[in-house]
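Summary of structural features
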Amino acid sequence: AAESTEATGVTGFDSDGFSVGTGGGYNNSSGTYVGWQWLAGNSTASNSNGSITSTVSVNQTAGFSIVSYTGTGSNATVGHGLGAVPKWIVVKGRSTSGKEWVNYHYSLGNSNVVWWNQTLAKDSSSNFQSTDPTSTVFSIGTGGDVNTSGVTYIAYAWCEKPGFSKFDSYEGNVSNDGIFIELGFKPSFFMAKNIDATGAWLMFDSAREPFNLMDLPLEADDTKAEAASGGRELDFLSNGVKLRGNSSYLNSAHTFIYMAFAENPFAGTTPATAR
């Protein structure tokens, strides 16, 4: 769907948190909720590095950028402001319905995409012009999900910061004694997706599950509540993630992409503590 006003949803971004109204998706009296936040620049600036002038809010220290732009319908480049090459970019059409959540991930290569709102495997696409992003811009093709003329888009872009964030891939081993994914930090948030076959976007975080074993993922592509996952389990360790199940969604004989963020950003210099 296109963006719309929800007067009873998130009603404010505050210096110490955020405010919500009475909307059911945010504040049912009987519901428990989780929220994930990334701090961008606290302000916006015009960026003319690309052929399309964008408006950006950037936190280069954290490696996170929010980018707003208007499509032209022709091959183009868009400035992101990170000052480093992004490894993960998500684009969503704002001003009209029917636009997917398109994901670029460097492990996919520049000619494939996946969608946050779908469980499909990777698919070949020219949405990003089969061109790698640079430290200043990312490229967009003529596909409607990223570049319809006159449609406004929002993009979220991350570059990797040692000790704080990691964006990579792993190969599953179809075992309850799953692989260890070294991150270099103790994670607070971990999301993974099977790119070779149909599978959900599984999200784990330390706010909902402060102790191992972690087995209550949420699915970014679905409205269902968290539930015991049946083979979709893992541990958060002091320096990475250990898979503990053999679900096709998390640890089949396929390739998976992931994003992970640290509980405390140690910048790779201070030993992390175990859970």
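Take the overall build of the protein chain next. Within the protein chain, the regular secondary structure consists of two helices and 20 strands. Computed over C-alpha atoms, the radius of gyration of the protein chain comes to 19 Å, within 12% of the 19 Å expected from 2.2 N^0.38 for 275 residues, which places it in the range of a compact globule. Its C-alpha atoms give the protein chain principal-axis dimensions of about 50 × 40 × 40 Å. When burial is assessed residue by residue, the protein chain has 45% of its 275 residues classed as buried. Sequence-distant contacts, at least 24 apart, represent 59% of the contacts inside the protein chain between residues at least 6 apart. Entry remark: accessible area of the protein chain is about 12,500 Å², with carbon and sulfur atoms responsible for 48%.

Estimated volume of the second largest pocket: approximately 350 Å³. At the level of secondary structure, the elements contributing two or more residues to the lining of the second largest pocket comprise β15 (187-194) and β20 (255-262). Its residues assigned to classes, the lining of the second largest pocket comprises twelve nonpolar, five polar and two charged.

The full count for this structure, using the stated rule, is eleven salt bridges. Note that E263 is salt-bridged to K186, the shortest N-O span being 3.6 Å. Pair noted here: E263 is in the segment after β20 and K186 is in the loop between β14 (180-182) and β15, with a separation of 77 residues, a long-range link. Relative accessible area serves as the criterion here: at 8%, K186 is assigned to the buried category. One continuous salt-bridge network, built from bridges that share partners, spans K87, E160, K166 and D168.

Cut-offs used in this document
Residues numbered from 1 in each chain as written. Predicted model: local features only at pLDDT ≥ 70, side-chain atom pairs only at ≥ 80, totals over all residues. Heavy atoms only, no water. Helix = DSSP H or I, 4+ residues; strand = E, 2+ residues; numbered from the N terminus. Rg over C-alpha atoms; globule rule 2.2 N^0.38 Å. Buried < 20%, exposed > 50% of the residue type's maximum accessible area, 1.4 Å probe, protein only. Contact = heavy atoms within 4.5 Å. Areas by Shrake-Rupley, 256 points an atom, 1.4 Å probe, with all protein chains shown as cover. 1 Å grid on protein atoms, 1.4 Å probe; cavity = no way out; pocket = protein on both sides within 12 Å on 5 of 7 lines; lining within 4 Å. Points joined across faces, edges and corners; volume = space filled by probe spheres on them. Nonpolar A, V, L, I, M, F, W, Y, C, P; charged D, E, K, R; others polar. Salt bridge = Lys/Arg side-chain N within 4 Å of Asp/Glu carboxyl O.

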